[in-house]
Amino acid sequence: MAKTTIPAGGIADDAISEEHIDATVITGSTALAATPDDTDEILISDGGTIKRIDYSYVKGGLVLLQDTTVSSAAANVTIGNATVLSSSYTNYILVGRMYPVASDGPHGMLRVDTSGGTQTADYKYTRIWNYSNSSDDDPRVDQDNSEGEIDNILGQSVHNTHGCNFTLEFGEPNNTSTYMSILGKCWAHDSSPDVAHHYTAASWNGGTDAIVGLHIYFSSGNVATGRFKLYGYGGSA
């Protein structure tokens, strides 16, 4: 079909191609090559009617927000910031693996950051754990109602060669009306090395300030190496 002529009898099916559509109407020659912003628009067919919809309404699953690699010794690792830990998602999950420096035995610890800095008091937690060489079939339990950090949530007596794996799950970190609770799951080798598991529920109860970061470290020595991926899911809070 000629670009400037409508033939007698109308336009045939499949007669309109990209060359007939002005670039200001719709383009498709450039790939986005990134996760769309929540306000980016997508065209959909709603019962045969073409409509546009914000990406925030259709996105699903885990969205990678931060990928942190530690390749040289660091005293601590901070995950997140006020922009990343926002109201964009209801829930967050941190997946990580880390190793202590070349000396066995430190425990994996956690604190939270607020706009006032890293908080060093008013933590509560309860933990269920056990290890493969235990003579006791029943899981061990410990807890604390007023602590300066969340003890052992990321492993106990972590082996420097075999390290620890963990996930941390939490929701609505910027909600200033409620305490933010954290569920920690860790599987690791201790200094024996025996394999161990740790399940921890915890919170910082020093206030309902927005949580802007997670502060990860060992009880002694540095984090030698590690990889940490933070995801958001569940839509806006």
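The sections below set out a description of the structure shown in this document. Since this is a predicted model, take the numbers as computed values, not measurements.

If the charged atoms of two oppositely charged side chains come close together, the side chains can form a pair. What the rule picks out here adds up to six salt bridges. Notably, a salt bridge pairs Glu149 with Arg111, separated by 3.4 Å at the nearest N-O pair. With Glu149 in the loop between β9 (140-147) and β10 (164-171) and Arg111 in strand β6 (residues 108-114), this residue pair connects regions lying 38 residues apart in the sequence. Each member of the pair, Glu149 together with Arg111, is buried. The shortest N-O distance in the salt bridge between Asp142 and Arg127 comes to 2.6 Å. Pair noted here: Asp142 is in strand β9 and Arg127 is in strand β8 (residues 123-131), with a separation of 15 residues, a long-range link. Since its relative accessible area comes to 1%, Arg127 is described here as buried.

In terms of nonpolar packing, the biggest core is built from 36 residues, with Leu94, Met98, Phe166, Leu168, Ile182, Ile216 and Phe228 touching the most fellow members. Filtering out sequence-adjacent residues up to four positions away, Phe166 remains in contact with Leu94, Val95, Gly96, Arg97, Met98, Leu154, Lys185, Cys186, Trp187, Ile216 and Phe228.

Read across the sheet, four strands follow the order β4-β13-β6-β7 without closing on themselves; strand pairing throughout is antiparallel. The open sheet has two edge strands with one neighbour each: β4 (77-79) and β7 (117-118). Here β6 runs beside strand β13 (residues 213-218); their pairing, made up of six bridges, is antiparallel. From the neighbouring strand, Asp113 faces β13, where its bridge partner is Gly213.

A full pass over the atoms with the stated rule returns one cavity of 30 Å³ or more. Reported here for the largest cavity is a volume of approximately 70 Å³. Taken together, Val112, Pro173, Asn175, Thr178, Tyr179, Met180, Trp204, Gly207, Thr208, Asp209 and Ile211 make up the lining of the largest cavity.

Moving on, we get to the side chain of Glu149. Judged by relative accessible area, Glu149 falls into the buried class, the value being 17%. Among the polar contacts listed, one links the side chain of Glu149 to the side chain of Arg111, at a separation of 3.4 Å.

The grouping of Ile42, Ile44, Tyr57 and Val58 at the surface amounts to a nonpolar patch, some 380 Å² of accessible area in total. Within the fold, Val58 resides in the loop between β2 (49-54) and β3 (63-70). By relative accessible area, which is 44% here, Val58 ends up partly exposed.

Rules used throughout
- Residues numbered from 1 in each chain as written.
- Predicted model: local features only at pLDDT ≥ 70, side-chain atom pairs only at ≥ 80, totals over all residues.
- Heavy atoms only, no water.
- Salt bridge = Lys/Arg side-chain N within 4 Å of Asp/Glu carboxyl O.
- Helix = DSSP H or I, 4+ residues; strand = E, 2+ residues; numbered from the N terminus.
- Buried < 20%, exposed > 50% of the residue type's maximum accessible area, 1.4 Å probe, protein only.
- Core = buried A, V, L, I, M, F, W, Y, C linked by side-chain atoms within 4.5 Å.
- Contact = heavy atoms within 4.5 Å.
- Pairing = 2+ DSSP bridges.
- 1 Å grid on protein atoms, 1.4 Å probe; cavity = no way out; pocket = protein on both sides within 12 Å on 5 of 7 lines; lining within 4 Å.
- Points joined across faces, edges and corners; volume = space filled by probe spheres on them.
- Polar contact = N/O pair within 3.5 Å; in protein donor to acceptor, adjacent residues only side chain to side chain.
- Patch = residues over 30% accessible without salt bridge, like charges linked within 9 Å, V, L, I, M, F, W, Y side chains within 5 Å.
- Areas by Shrake-Rupley, 256 points an atom, 1.4 Å probe, with all protein chains shown as cover.

Read these as geometric descriptors, not functional statements.
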